[in-house]
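So the chains spell out like this:
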Amino acid sequence: MFKSIRIGAGRSPLTVVGVFAEELKLPRGLGKKDQATLKAALKTPGFKAEPGEVVPAGENHVLLGLGKKDDLKTETLRNIGAKLVKQLDRMAPKAVRLEVHRSVPRSVAGPEMVGQCLGEGMALGNWKVDFFGGSAAKPDDANPPLSVTCDDAGCKKGLKRGLTLAESVNYARRIAATPPNICNPTWMAGEARKLARSSGLRCKVINFKQAQEMGMGGLVNVGKGSDHKPCLIVLEHKPARVKKGVKLALVGKTLTYDSGGYSLKINNGMKGMKYDKNGGIAVLGTMRAIAALKLPVHVVGLLPAAANMVSGDSYRPDDIIKMYNGVSVEVTNTDAEGRLVLADALAYACKQVKPTALIDTATLTGGVVVALGSWCAGYWCTDDGLKKRLLAASGTSDERLWELPLWSEHKEFMRSKHADIWNSGPKRDGHPIQGAAFLSYFVDEKIPWAHVDIAGVSDVDGDKDLYVVGPTGYGVRLMTELAAEYAK
Ligand code: BES
Ligand code: ZN
Ligand code: ZN
């Protein structure tokens, strides 16, 4: 794959022209000079213009299939971008010029959105996990960078935004893929500090001792069994010019590993639990993107980071612990640990940050995967204004969301006989909802709040157009678009 994809004209670029299936026509507005070559290429045997299909047209053009016109959506454009970059990898041009916006109906996407989707798709499709190769790795190809541009100013602007977003998603994916023998809470804090230095964010880390002193019983108890102690990472984006009256807090579950603790995960249930930090990683990637795009909105990111391990000092089922906001919790299952670290971070956000909207993302429950699969994340939201913006952001990024209920009955179900609440009910009934209900005890009712359970979408187990096996960075584009909604 290309070393990087960047905006730039480059010399003698390869021009990419979009063509619809069934029509097999050239768009209007292309230069006269190459018409004959392009028309001849339309007749390439076997070329059906399926989404992402690429055929050469002379020396310096390719035709790119867009599929059936009626089927084209923004998500198809991203997938086409990803397929395109994989074809280009074989052709190895130094630069490409995109002429795809000419073909796409405005009802699907204007030039700027076409550029953004293709930029996202190309950069997401260009990523793979190649940073843990050892002496047995295949020798690296030359791996040159690729320059992309578009003559249309709107499309070029979108392309730039799309590339920036995808770079942050890929940054998040790299950290997500980092295994637990390297990535522990302290390492995470180091990465956050590095990010802050390079992107102009502020970073503060509440360490284990401070968390103990502050009474963060959730974070402390979940993380204390590991040699690598837990911490709460706080990142802040506060540019000189910000939208008045808006302050977003983004909280992400950051379990660098979830063995289940004494309620140990059985069989192969533990494998893949390096991805239990992906909520926090999504927040980290979002902070990077928000800073890179210089969004004029005040945003605070909070990552409660811990490793849920087994040792003589680990917390146990039956422990009763006191949380940052004073609520007492009976631990019934040490594998329901995400809600405990999130609870302290949510309560801290409400008390210290006092946001106008609070969003958390977490790989919280296996139950959400059973209920919704990997087609969408489950979400809960307590406020119509936040919900409207969240759905608008989801419509833009095509990271899909599905709402689940949170009623007083659900909250009552979390009450324990021996403490205020328990971290997991005796039955697994509706357990993604139990997670949300538990968290609600730690959020100030006056603060608009959304909880997003990303357990089914934060990694994929088979290659897709946009994603290779591994982390997807789900949430980075969603939350960045959400911040952009609030900046409007
Ligand atoms: N990290 C898991 C949730 C998870 C499971 C994420 C599978 C991704 C894939 C979470 O901490 C957990 O173990 N949840 C339990 C909750 C239960 C004990 C109430 C679960 O899902 O079984
Ligand atoms: Zn767990
Ligand atoms: Zn977990």
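Chemist: I keep staring at the pairing of strand S9 (residues 247–252) and nothing clicks. Help me out?
Modeler: The side chains of a regular strand alternate, first on one face of the sheet and then on the other. In terms of burial, S9 is a largely internal element, five of the six residues being buried. In terms of strand pairing, S9 meets strand S11 (residues 298–308) through five bridges, oriented parallel. Of the residues in S11, the one forming a bridge with Leu250 is Gly301. Where S9 meets strand S14 (residues 357–362), five bridges bridge the pair, whose relative direction is parallel. Among the inter-strand pairings, Leu248 is bridged to a residue of S14, identified as Ala357.

Chemist: I would appreciate a short explanation of the coordination of the zinc ion (ligand 3) in the present structure.
Modeler: Around a metal, the ideal angle is 109.5 degrees if four donors adopt a tetrahedral arrangement and 90 or 180 degrees if six donors adopt an octahedral arrangement. Binding of the zinc ion (ligand 3) to the protein goes through Lys253 (NZ), Asp258 (OD), Asp276 (OD) and Glu337 (OE), at separations of 2.0 to 2.4 Å. Taken together, the six donor atoms coordinating the zinc ion (ligand 3) and their angles of 77 to 173° define a geometry best described as octahedral. Here the zinc ion (ligand 3) and the zinc ion (ligand 2) are spaced 3.2 Å apart, and both take Asp258 as a donor. Here Lys253 is found in the loop between S9 and strand S10 (254–258), whereas its partner Glu337 is found in the loop between strand S13 (328–330) and helix H9 (338–353), with 84 residues between them in sequence. Among the residues examined, Lys253 registers a relative accessible area of 2% and is labelled buried. Relative accessible area serves as the criterion here: at 0%, Glu337 is assigned to the buried category.

Chemist: Please explain the packing of H9 against helix H13 (residues 431–440) as it appears in this structure.
Modeler: What describes two packed helices is the angle between their axes and the distance between those same axes. One can describe the packing of H9 onto H13 by two numbers: an axis separation of 9 Å at closest approach and a directional angle of 30°. Taken together, the axis directions place H9 and H13 in an arrangement best described as roughly parallel. Between H9 and H13 lies a crossing whose hand is right-handed. The segment H9 lies against H13, with Arg339, Leu340, Leu342, Ala343 and Leu346 engaging His431, Gln434, Gly435, Phe438 and Leu439. The residue makeup of the contact of H9 with H13, split by class, is six nonpolar, three polar and one charged.

Chemist: Help me understand a nonpolar patch on the surface in this model?
Modeler: There is a patch of nonpolar side chains on the surface, built from Val129, Phe131, Phe132 and Ile182 and spanning about 310 Å² of accessible area. Within the fold, Val129 resides in the loop between helix H3 (111–125) and strand S6 (146–149). On the accessibility criterion, Val129 (39% relative accessible area) is partly exposed.

Chemist: Help me understand the sheet that holds strand S12 (residues 320–322), please; the structure alone is not making it clear to me.
Modeler: In any sheet, the strands associate via hydrogen bonds between backbone groups, in a parallel or an antiparallel arrangement. What the three strands build is an open sheet, ordered S12-S13-S17; its pairing is mixed. Looking along the sheet, the strands with just one partner apiece sit at the ends: S12 and strand S17 (421–422). As paired elements, S12 and S13 share three bridges and run antiparallel to each other. Across the sheet, Lys322 pairs through a bridge with Ser328, a residue of S13.

Chemist: Just checking my understanding: could you explain the pattern of salt bridges for this structure?
Modeler: Opposite charge on two side chains permits pairing when their charged atoms draw close. Inspection of every chain in the model, using the stated rule, returns 25 salt bridges. One salt bridge connects Glu75 with Arg78, and the closest N-O pair in it is separated by 2.7 Å. Here the residue Glu75 and the residue Arg78 both occupy positions in helix H2 (residues 74–91), the gap between them amounting to three residues, near one helical turn. The exposure class assigned to Glu75 is partly exposed, which follows from its relative accessible area of 26%. Each member of the salt-bridge network shares a partner with another, and the members are Glu75, Arg78, Glu120, Asp398 and Arg477.

Chemist: Please clarify how the pairing of strand S18 (residues 449–453) should be interpreted in this entry.
Modeler: With respect to burial, S18 is a largely interior element, five of its five residues being buried. Because side chains alternate across S18, one face comprises the buried residues Trp449, His451 and Asp453, and the other comprises Ala450 and Val452, equally buried. Here four bridges tie strand S15 (residues 377–381) to S18, and the two strands are oriented antiparallel to one another. Following the sheet pairing, Gly378 is matched in S18 by Asp453.

Rules used throughout
Residues numbered from 1 in each chain as written. Chains lettered and ligands numbered in written order. Predicted model: local features only at pLDDT ≥ 70, side-chain atom pairs only at ≥ 80, totals over all residues. Heavy atoms only, no water. Buried < 20%, exposed > 50% of the residue type's maximum accessible area, 1.4 Å probe, protein only. Helix = DSSP H or I, 4+ residues; strand = E, 2+ residues; numbered from the N terminus. Pairing = 2+ DSSP bridges. Donors = N, O, S within 2.8 Å, 3.2 Å for Na, K, Ca; no water. Tetrahedral: all angles 85-135°; square planar, octahedral: opposite > 155°, others 65-115°. Axes fitted to C-alpha atoms, helices over the stretch in contact; angles between N-to-C directions. Parallel < 35°, antiparallel > 145°, perpendicular 65-115°, else oblique. Left-handed = near helix turned anticlockwise from the far one by under 90°. Contact = heavy atoms within 4.5 Å. Nonpolar A, V, L, I, M, F, W, Y, C, P; charged D, E, K, R; others polar. Patch = residues over 30% accessible without salt bridge, like charges linked within 9 Å, V, L, I, M, F, W, Y side chains within 5 Å. Areas by Shrake-Rupley, 256 points an atom, 1.4 Å probe, with all protein chains shown as cover. Salt bridge = Lys/Arg side-chain N within 4 Å of Asp/Glu carboxyl O.

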